[in-house]
Number of protein chains: 2
Amino acid sequence: MLDVRRLLLLRDLAVLGTIAAVAKARSFSTAAVSQQLSTLEREAKAPLLDRTTNRVVLTPAGEALVAHAERLTVELDEIDATLARDRGEPSGTLRLAVFPSAARAVVPEALAKMSVRYPGIEIQLTEELPASSVPRLRAGEFDVVLRHSYDLLPATEVEGVRQVRVHTEPMWLVRPPGAAVPGDARALEHHHWVSDQPGSECREVLVRWCAAAGFVPRIRHQVSDFAVALSLVAAGGGHALIPRLGVRALADGVVAGPVPGPALGRRVFAAHREGSGRHPLVAAAVEVFTEVFTEVFTDLD
Amino acid sequence: MLDVRRLLLLRDLAVLGTIAAVAKARSFSTAAVSQQLSTLEREAKAPLLDRTTNRVVLTPAGEALVAHAERLTVELDEIDATLARDRGEPSGTLRLAVFPSAARAVVPEALAKMSVRYPGIEIQLTEELPASSVPRLRAGEFDVVLRHSYDLLPATEVEGVRQVRVHTEPMWLVRPPGAAVPGDARALEHHHWVSDQPGSECREVLVRWCAAAGFVPRIRHQVSDFAVALSLVAAGGGHALIPRLGVRALADGVVAGPVPGPALGRRVFAAHREGSGRHPLVAAAVEVFTEVFTEVFTDLD
DNA sequence: GCTCCGGTTAAGCGGAACCGATGGTGCGGT
DNA sequence: ACCGCACCATCGGTTCCGCTTAACCGGAGC
């Protein structure tokens with residue numbers, strides 16, 4: 001019988017990509033992970049890793065094992081969940097990862113509400129982009145992850161992860177002082193833009209949105225923090241496309257509103273592993289975030 | 001996260017009944033099992049065992065965990081099965097348990113056929129009654145178990161165990177030399193009987209069959225081996241109700257044939273754990289036993 | 001060229017897991 | 001009522017597994 005702990009290491013490897021990442025996630029040395037995976041291969045009597053390159057790659061047999069391991073993970077999470085439910089009042093530590101703008105806009109309210117309603121729950125918060133927080137969720141490093149999915153970008157369904165939509169947030173166009181109200185996207189063709197770094201989802205959305213209108217945006221400033229972007233817009237640095245949450249306070253003279261033309265938005269999800277949905281801590285977090293998001297947005301409107 | 005090895009010990013306990021039996025099954029000392037289960041309770045933060053009596057009994061929380069563990073077992077068996085399938089030619093050791101009369105009547109042929117068709121498979125045979133072999137199958141001590149299920153007795157479906165019917169074997173009435181051919185069961189009311197020990201299924205079937213005919217059998221001799229029973233019948237010790245397989249060779253003067261009245265039989269099953277059905281060794285055993293049983297019975301007819 | 005970065009291997013250590021012995025307890029038999 | 005048996009928990013001792021540190025290898029990149 002295959003050792004389950006080692007099998008889960010293999011699954012972690014599949015999710016996180018490198019032995020070093022697995023070691024970091026599990027607080028082991030890389031040597032330990034390497035040894036355990038070698039032992040697993042001996043147990044399985046089949047090569048699971050391709051070590052020809054510098055990085056390790058799973059063989060087909062390894063992939064097959066990982067598929068089984070995913071199902072094991074679900075079952076193990078469900079066991080944890082039932083045990084926690086039987087314990088009565090929710091208590092323990094919830095490891096939570098949120099994307100940056102949510103951290104600023106809604107997380108403080110959510111934490112306050114949690115501590116009142118579920119005093120037994122302690123929260124360990126990490127601000128992290130979905131690109132890395134979701135794999136770490138799958139690997140068991142986080143219990144709940146707040147992530148988002150932009151319109152115009154391919155939707156990313158992740159195996160083994162369930163996500164509850166807690167809100168749909170519109171993208172707003174932020175105009176510098178004195179800029180005219182655009183009738184449609186096309187009217188913005190010759191303006192400058194403030195956007196995020198290349199490779200970021202936000203930036204990609206801007207590019208695609210402009211592409212749909214028939215032009216390539218002239219991006220002058222590249223900053224990842226929405227507050228900084230806003231002040232750059234206020235200083236006349238250009239237009240910006242920013243999610244509603246990032247526009248809670250506007251500098252003087254800056255005007256913001258829904259994008260012209262068809263609606264554009266991003267959906268916000270609370271994600272958790274498939275088997276942990278019935279875990280009291282996870283359920284509590286999803287519940288509170290759903291509430292807080294609607295509250296915040298009704299306040300904004 | 002709960003340790004899976006300990007969880008499987010709890011499942012073994014649920015199946016086998018006592019810590020001592022689990023220890024024997026796993027080749028541990030009882031101390032080890034006891035310690036591991038205590039650790040499991042600490043991990044689960046819930047009492048899983050009721051130790052008020054001198055035997056240990058599962059609490060509801062323990063039962064719930066066992067239910068999860070059963071599903072884990074299926075998944076783990078399936079992992080083993082896929083690994084074994086990927087290895088190509090079936091090889092390894094198959095642990096097989098058979099009930100006594102099968103051991104005499106069909107197992108030699110089956111083993112011979114196996115060793116020819118699957119030379120890579122080594123078989124470890126144990127002769128054991130289903131009452132104990134099936135739990136040991138569930139606990140992972142055996143891979144395949146030949147068991148039977150008598151008409152007139154409540155059918156026993158076992159959780160987590162799949163069984164393939166390899167044959168339906170008629171019960172035969174064996175008459176001592178000179179005994180008249182009975183028109184119906186009722187005609188046997190005042191004869192003596194040779195049967196098995198009290199508590200055995202065979203004995204119970206005889207009692208119920210006679211009860212259906214309206215009388216209680218007068219059991220004179222109690223032996224568990226069918227061959228011994230046959231020689232007792234031959235010596236005039238009484239009638240006997242014996243499965244077809246137990247009557248391959250008859251002593252002089254003894255006459256045997258299907259029971260008078262409605263057919264009576266026992267179904268023979270090859271049982272395996274739910275998740276191990278696709279394991280090459282298990283599939284091979286089931287296949288060969290199915291063949292051999294039909295061959296043996298066509299030879300008999 | 002060197003230096004990181006990712007991975008493997010070897011050697012050593014600490015803790016977990018297992019064993020044997022002891023003692024306690026409920027149950028069946030005489 | 002007594003004893004014997006089977007079962008289980010606990011304790012101290014030992015073995016062994018799993019992790020760490022350290023050294024080494026190969027490839028990619030400033």
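Residues numbered from 1 in each chain as written. Chains lettered and ligands numbered in written order. Predicted model: local features only at pLDDT ≥ 70, side-chain atom pairs only at ≥ 80, totals over all residues.

In the annotation of an unreviewed UniProt entry, the entry for chain A reads LysR family transcriptional regulator, and the organism field reads Amycolatopsis minnesotensis.

Novice: I'm lost on the overall build of chain A in this one. Help?
Specialist: A tally of helices and strands in chain A yields 10 helices and 11 strands. Going through the 301 residues of chain A one by one, you find that 41% of them count as buried. Looking at chain A alone, contacts between residues at least 24 apart form 76% of all its contacts between residues at least 6 apart. (Helix = DSSP H or I, 4+ residues; strand = E, 2+ residues; numbered from the N terminus. Buried ≥ 20, exposed ≤ 12 C-beta atoms within 10 Å, placed from the backbone. Contact = placed C-beta atoms within 7 Å.)

Novice: I keep staring at the relation of the copies chain A and chain B and nothing clicks. Help me out?
Specialist: Two chain copies, one operation linking them: a rotation about an axis together with a shift along it. At an RMSD of 0.1 Å, chain A and chain B line up after a rotation of 180° and a shift of 0.0 Å along the axis. The transformation relating the two chain copies, once decomposed into turn and shift, fits a two-fold axis. (Least-squares fit on C-alpha atoms with pLDDT ≥ 70 in both.)

Novice: Would you explain the protein's contact with DNA strand D in this entry?
Specialist: Residues in close proximity to DNA strand D total 20 residues, the closest being Ser29(A), Ala31(A), Ile19(B), Ala31(B) and Ser34(B). At the level of elements, helix H3 (30-44) of chain A together with helix H2 (19-26) and helix H3 (30-44) of chain B are the ones that each hand at least two residues to the surface near DNA strand D. For the surface near DNA strand D, the element with the highest residue contribution is H3(B), accounting for 5 residues. Considering only residue class, the surface near DNA strand D consists of 8 nonpolar, 10 polar and 2 charged. (Near = placed C-beta within 6 Å. Nonpolar A, V, L, I, M, F, W, Y, C, P; charged D, E, K, R; others polar.)

Novice: How do you make sense of the protein's contact with DNA strand C when you look at a structure like this?
Specialist: Around DNA strand C there are 22 residues in total, and Ile19(A), Ala31(A), Ser34(A), Ser29(B) and Ala31(B) lie nearest to it. Those elements that provide at least two residues to the surface near DNA strand C are helix H2 (19-26) and H3 of chain A together with H3 of chain B. Taken together, the residues of the surface near DNA strand C sort by class into 8 nonpolar, 12 polar and 2 charged.

Novice: Help me out: how do you make sense of the interface of chain A and chain B in this one?
Specialist: Interface size is commonly expressed as the accessible area that is lost once the parts come together. Taken together, the contact pairs 21 residues of chain A with 21 residues of chain B. Among the elements that take part in the side of chain A that touches chain B, helix H4 (residues 60-86) of chain A stands out by supplying 14 residues, more than any other. Residue composition of the side of chain A that touches chain B, by class: 12 nonpolar, 2 polar and 7 charged.

Novice: I would appreciate a short explanation of the environment of Pro90(B) in the present structure.
Specialist: Residue and element names in this part refer to chain B. Considering the arrangement of structural elements, one finds Pro90 in the loop between helix H4 (60-86) and strand E3 (92-98). Exposure remark for Pro90: the 21 C-beta atoms within 10 Å place this residue in the buried category. Residues Pro90 and Pro100 lie 10 residues apart in sequence; the distance between their C-alpha atoms is 27 Å. Not counting residues within four places of it along the chain, the set of residues in contact with Pro90 comprises Tyr118, Gly120, Ile121, Pro280, Leu281 and Ala284.

Novice: I keep staring at the UniProt feature "domain: HTH lysR-type" (unreviewed entry) in chain A and nothing clicks. Help me out?
Specialist: When the UniProt feature table is mapped onto this chain, "domain: HTH lysR-type" (unreviewed entry) is found at residues 2-59 of chain A. Secondary structure across residues 2-59 of chain A divides into 62% helix and 7% strand, with the first and last C-alpha atoms of the span separated by 17 Å. (UniProt positions renumbered as here; feature names shortened; annotations may be inferred.)

Novice: Is there a simple way to think about the environment of Arg186(B) in this case?
Specialist: All names here are of chain B. Among the secondary structure elements, Arg186 is positioned in the loop between strand E6 (161-175) and strand E7 (192-195). Classification of Arg186 as partly exposed rests on a count of 14 C-beta atoms within 10 Å. Once residues within four sequence positions are removed from consideration, Arg186 is found in contact with Ala213 and Gly214.

Novice: Hey, could you run me through the domain arrangement of chain A in this one?
Specialist: All names here are of chain A. Annotation of chain A at the domain level lists domain 1 (4-83), domain 2 (91-168 + 266-292) and domain 3 (169-263). With 10 residues of domain 2 at the interface, the matching set in domain 3 holds 12 residues. Within the residue set of the side of domain 2 that touches domain 3, elements represented by two or more residues are helix H5 (100-105), strand E6 (161-175) and strand E11 (265-273). The greatest single-element share of the side of domain 2 that touches domain 3, amounting to 3 residues, is contributed by H5. Residue classes in the side of domain 2 that touches domain 3 are distributed as 6 nonpolar, 3 polar and 1 charged. (Domains from an automatic or database assignment.)

Novice: Sorry, what's going on with the packing of helix H6 (residues 107-117) of chain B against helix H10 (residues 280-300) of chain B here?
Specialist: How two helices sit against one another is set out by the angle between their axes and by the gap between those axes. All names here are of chain B. Look at H6 against H10: their axes get within 9 Å of each other, and the N-to-C directions meet at 130°. Of the possible angle classes, the one that applies to H6 and H10 is oblique. Crossing angle aside, the handedness with which H6 passes H10 is right-handed. On H10, the residues touching Glu109, Ala110, Lys113 and Met114 of H6 are Ala284, Val288, Phe289, Val292 and Val296. Taken together, the residues that form the contact of H6 with H10 break down as 7 nonpolar, no polar and 2 charged. (Axes fitted to C-alpha atoms, helices over the stretch in contact; angles between N-to-C directions. Parallel < 35°, antiparallel > 145°, perpendicular 65-115°, else oblique. Left-handed = near helix turned anticlockwise from the far one by under 90°.)

Novice: Any chance you could explain the nonpolar core here in plain terms?
Specialist: Soluble globular proteins tend to pack their nonpolar side chains together in the buried interior. Formed by 47 residues in total, the largest nonpolar core has its most connected members in Leu10(A) and Leu10(B). Those elements that place two or more of their residues in this core are helix H1 (4-16), H2, H3 and H4 of chain A together with helix H1 (4-16), H2, H3 and H4 of chain B. (Core = buried A, V, L, I, M, F, W, Y, C linked by C-beta atoms within 7 Å.)

Novice: Explain the environment of Leu129(B) here, please?
Specialist: The topology assignment puts Leu129(B) in the loop between strand E4 (121-127) and helix H7 (130-138). A residue is classified by how many C-beta atoms lie within 10 Å of it, and Leu129(B), with 16 of them, is partly exposed.

Novice: I tried to follow helix H10 (residues 280-300) of chain A on my own but got confused; where do I start?
Specialist: Note on helix geometry: an α-helix contains 3.6 residues per turn, so any two residues three or four positions apart are oriented the same way. Relative to the 30 Å expected for 21 residues at 1.5 Å per residue, H10(A) spans 30 Å between its end C-alpha atoms, a close match to the ideal helical length. All of the buried residues along H10(A) are Pro280(A), Leu281(A), Val282(A), Ala285(A), Val286(A), Val288(A), Phe289(A), Val292(A) and Phe293(A). (Expected span 1.5 Å × (residues − 1).)

Novice: Would you mind going over unusual backbone geometry with me for this structure?
Specialist: For residues besides glycine, phi is generally negative; the peptide bonds are generally trans as well. Even without being a glycine, Leu152(A) presents a positive backbone phi close to 80°. Looking at the secondary structure, you find Leu152(A) in the loop between strand E5 (144-150) and E6.

Novice: Is there a simple way to explain the pairing of E5(A) in this structure?
Specialist: Every other side chain in a regular strand lies on the same face of the sheet, so the side chains alternate between the two faces. Residue and element names in this part refer to chain A. Most of E5 is tucked away: 6 of the 7 residues are buried. Pairing analysis gives 2 bridges linking strand E3 (residues 92-98) to E5, with the strands arranged parallel. In the strand pairing of E5, Leu96 is matched with Val144. As defined by bridge partners, E5 adjoins E11 across 6 bridges and the pair is classed as antiparallel. Counterpart to Val145 in the pairing with E11 is Ala271. (Pairing = 2+ DSSP bridges.)

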